Amino acid sequence: MEHSTDKPGLTLLGLGDMGTALARAWLAAGHPLTVWNRTSGKAAPLAAEGARVARTAAEAVAASTLVVVCLLDDASVGEALADADLTGKDVVNLTTGTPAEARARAKWAQARGARFLDGGIMAVPPMIGVPESGGYVFYSGSRALFDAHHGTLATPAGTTYVGEDPGFAALHDVALLSAMTGMFAGVTHAFALVRGEDVPPKDLAPLLTAWLVAMTPYASEIADRLTSGDYTEGVTSNLAMMVQGNATLLRTAREQGVSPELLTPFTTLMERRLAAGHGDEDTTGLIDLLTP
Ligand code: NDP
């Protein structure tokens, strides 16, 4: 056998783009690795790199105590593990899902005799196995499992443990991705505004990047206001002023022939909060409107 290593072994279910990147990182670090994928052909290149290929998911699970799962969605996790004996296993689910799905999957795994840790991967495949990329994984669920396998889990990417509640990794993952979605919407609108003008996209890009970075302290300012409960504390740009500014954003969109549909959900919320008499706040109060 080619595995002459003192690194702990593990099993990985799922060899899509992310699973394959994870597999390569563990193999490169010398971890004995058993892999399984529904479409068996995807395992062949990894076998050549030293992975042991199991014929079934149940066989792959039987090979190791630590079982990492990285499949398309929660339903595919249930399907793939349906016939596996999870007694005494440490199951780490890196499949993206909702907090409720993670909590239900934790109960499901525990009922079958396993410890369970959920993960939310904050990286794309090229960042896996590249420590300087800044990629990491949110983990939540069994702290004992996390501690027992930390060295192995930390091999493909950084680790950030966010609590015993198995839903918290997904909650943090989705919170960050949701914020990113808003940022993508803003960037999309900005490029639409300059399209057709003599402004090369390549010139706008660094300006956008620098501006967005300059605005990032806003997140911790909001956290301070949420913590104190005083949404007017330290406000430098208040809602009354911002709503005025929004009118200019929307008029400019009209002038440029750009649909305002990415802006209006947010500007409408700001107007509602202002109309309720909160012109001296910033946008922190919008969170109250979203969570009635
Ligand atoms: P891919 O689409 O490349 O791979 C999906 C994997 O799921 C394949 O191994 C596929 O098997 C398997 N699969 C799908 N349905 C089933 C099923 N019913 N039973 C068994 N296996 C099934 O996805 P990725 O590898 O990119 O992503 C995997 C997970 O990682 C996802 O939850 C994704 O959200 C998450 N992730 C991915 C990132 C990325 O940038 N790629 C970033 C962060 C998280 P088969 O080969 O047979 O189709």
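Residues numbered from 1 in each chain as written. Predicted model: local features only at pLDDT ≥ 70, side-chain atom pairs only at ≥ 80, totals over all residues. Heavy atoms only, no water.

Caption draft 1: Local environment of the overall build of the chain. Scanning the chain from N- to C-terminus turns up 13 helices and eight strands. Across its three principal axes, the chain shows a C-alpha extent of roughly 70 × 45 × 30 Å. Across the 292 residues in the chain, those meeting the buried criterion constitute 40%. Within the chain, contacts between residues separated by at least 24 positions form 60% of all contacts whose residues are at least 6 apart in sequence. Of the roughly 15,300 Å² of accessible surface on the chain, 60% is carried by carbon and sulfur atoms. A gap of 6 Å separates the mean positions of the 20 positive and 32 negative side-chain charges of the chain. (Helix = DSSP H or I, 4+ residues; strand = E, 2+ residues; numbered from the N terminus. Buried < 20%, exposed > 50% of the residue type's maximum accessible area, 1.4 Å probe, protein only. Contact = heavy atoms within 4.5 Å. Areas by Shrake-Rupley, 256 points an atom, 1.4 Å probe, with all protein chains shown as cover. Lys, Arg positive; Asp, Glu negative; His and termini not counted. Charge placed at Lys NZ, Arg CZ, Asp CG, Glu CD.)

Caption draft 2: Fine view of the sheet that holds strand β1 (residues 10–13). Taken together, the eight strands give an open sheet; going across it, the order is β3-β2-β1-β4-β5-β6-β7-β8, and neighbouring strands pair in mixed fashion. Taken across any chain shown, the strands that pair with only one partner, and hence form the sheet edges, are β3 (52–53) and β8 (158–161). Two elements, strand β5 (residues 90–93) and strand β6 (residues 115–122), share four bridges in a ladder whose sense is parallel. Paired with valine 92 across the bridge in β6 is leucine 117. (Pairing = 2+ DSSP bridges.)

Caption draft 3: Broad picture of the site of the ligand. Around the ligand there are 22 residues in total, and Met18, Asn37, Thr39, Lys42 and Thr96 lie nearest to it. Note that an oxygen atom of the ligand is positioned 2.9 Å from one of the backbone N or O atoms of aspartate 17. For the ligand, whose free accessible area comes to 900 Å², the fraction covered by protein is 78%. Its residues assigned to classes, the shell around the ligand comprises ten nonpolar, eight polar and four charged. (Near = heavy atom within 4 Å. Polar contact = N/O pair within 3.5 Å; in protein donor to acceptor, adjacent residues only side chain to side chain. Nonpolar A, V, L, I, M, F, W, Y, C, P; charged D, E, K, R; others polar.)

Caption draft 4: Geometry of the packing of helix α8 (residues 168–194) against helix α9 (residues 201–215). Interaxial distance between α8 and α9 falls to 11 Å at its minimum, and their mutual angle equals 145°. The element α8 and its partner α9 pack so that their crossing is right-handed. Judged by residue contacts, Met183, Val187, Ala190, Phe191 and Val194 of α8 engage Pro201, Leu204, Ala205, Leu208 and Leu212 from α9. (Axes fitted to C-alpha atoms, helices over the stretch in contact; angles between N-to-C directions. Left-handed = near helix turned anticlockwise from the far one by under 90°.)

Caption draft 5: Expanded view of the domain arrangement of the chain. What the domain assignment reports for the chain is domain 1 (10–164) and domain 2 (172–290). Each of domain 1 and domain 2 has a C-alpha centre, and these two points are 37 Å apart. The partner domain 2 presents five residues to the eight residues of domain 1 that form the contact. Where domain 1 abuts domain 2, roughly 490 Å² becomes buried across the two surfaces, and 76% of that area is made up of carbon and sulfur atoms. Taken together, the connections running from domain 1 to domain 2 amount to zero salt bridges. (Domains from an automatic or database assignment. Buried area = accessible area lost by both parts, 1.4 Å probe. Salt bridge = Lys/Arg side-chain N within 4 Å of Asp/Glu carboxyl O.)

Caption draft 6: Spatial organisation of the pattern of salt bridges. Considering all chains together, one arrives at ten salt bridges under this definition. A salt bridge links arginine 52 to glutamate 59; the nearest nitrogen and oxygen atoms lie 3.7 Å apart. In this structure glutamate 59 comes out as partly exposed when scored by relative accessible area, which is 22%. If you follow the salt bridges from partner to partner, you end up with Arg52, Arg55 and Glu59 in one network.

Caption draft 7: Expanded view of the side chain of threonine 284. Locating threonine 284 in the fold gives a position in the loop between α12 (264–275) and α13 (286–290). Setting aside chain neighbours within four positions, we find threonine 284 in contact with Ile222, Arg225, Leu226 and Tyr231.

Caption draft 8: Main features of the environment of glutamate 261. Relative to the assigned elements, glutamate 261 resides in the loop between α11 (239–256) and α12. Under the relative-accessibility criterion, glutamate 261 is labelled exposed at 59%. Distance in space between the C-alpha atoms of glutamate 261 and alanine 185 is 9.8 Å, their sequence separation being 76 residues. Within the structure, glutamate 261 has its side chain in polar contact with the side chain of serine 259 (distance 2.8 Å).

Caption draft 9: Representation of the pairing of β6 within the structure. By the criterion of burial, β6 is predominantly enclosed, with seven of the eight residues buried. Bridge count between β6 and strand β7 (residues 136–141): six bridges; the pairing is antiparallel. For isoleucine 121, the partnering residue across the bridge sits in β7 and is valine 137.

Caption draft 10: Broad picture of the environment of glycine 9. Take glycine 9: it is sitting in the segment before β1. Its relative accessible area of 39% is what places glycine 9 among the partly exposed residues. Separated by 25 residues in the primary sequence, glycine 9 and threonine 34 have C-alpha atoms spaced 7.9 Å apart. Filtering out sequence-adjacent residues up to four positions away, glycine 9 remains in contact with Pro32 and Leu66.

Caption draft 11: Fine view of the packing of aromatic side chains. For the coordinates displayed, the defined rule picks out three aromatic pairs. Where tyrosine 139 meets phenylalanine 146, the ring centres are 5.6 Å apart and the plane angle is 50°; that geometry is what we call tilted. With a centroid separation of 5.1 Å and an interplanar angle of 35°, the aromatic rings of phenylalanine 146 and tyrosine 161 are classed as tilted. Taken together, the residues span a long stretch of sequence, with phenylalanine 146 in helix α6 (residues 143–148) and tyrosine 161 in strand β8 at a distance of 15 residues. (Phe/Tyr/Trp six-rings, centres within 6.5 Å; stacked < 30°, edge-to-face > 60°.)

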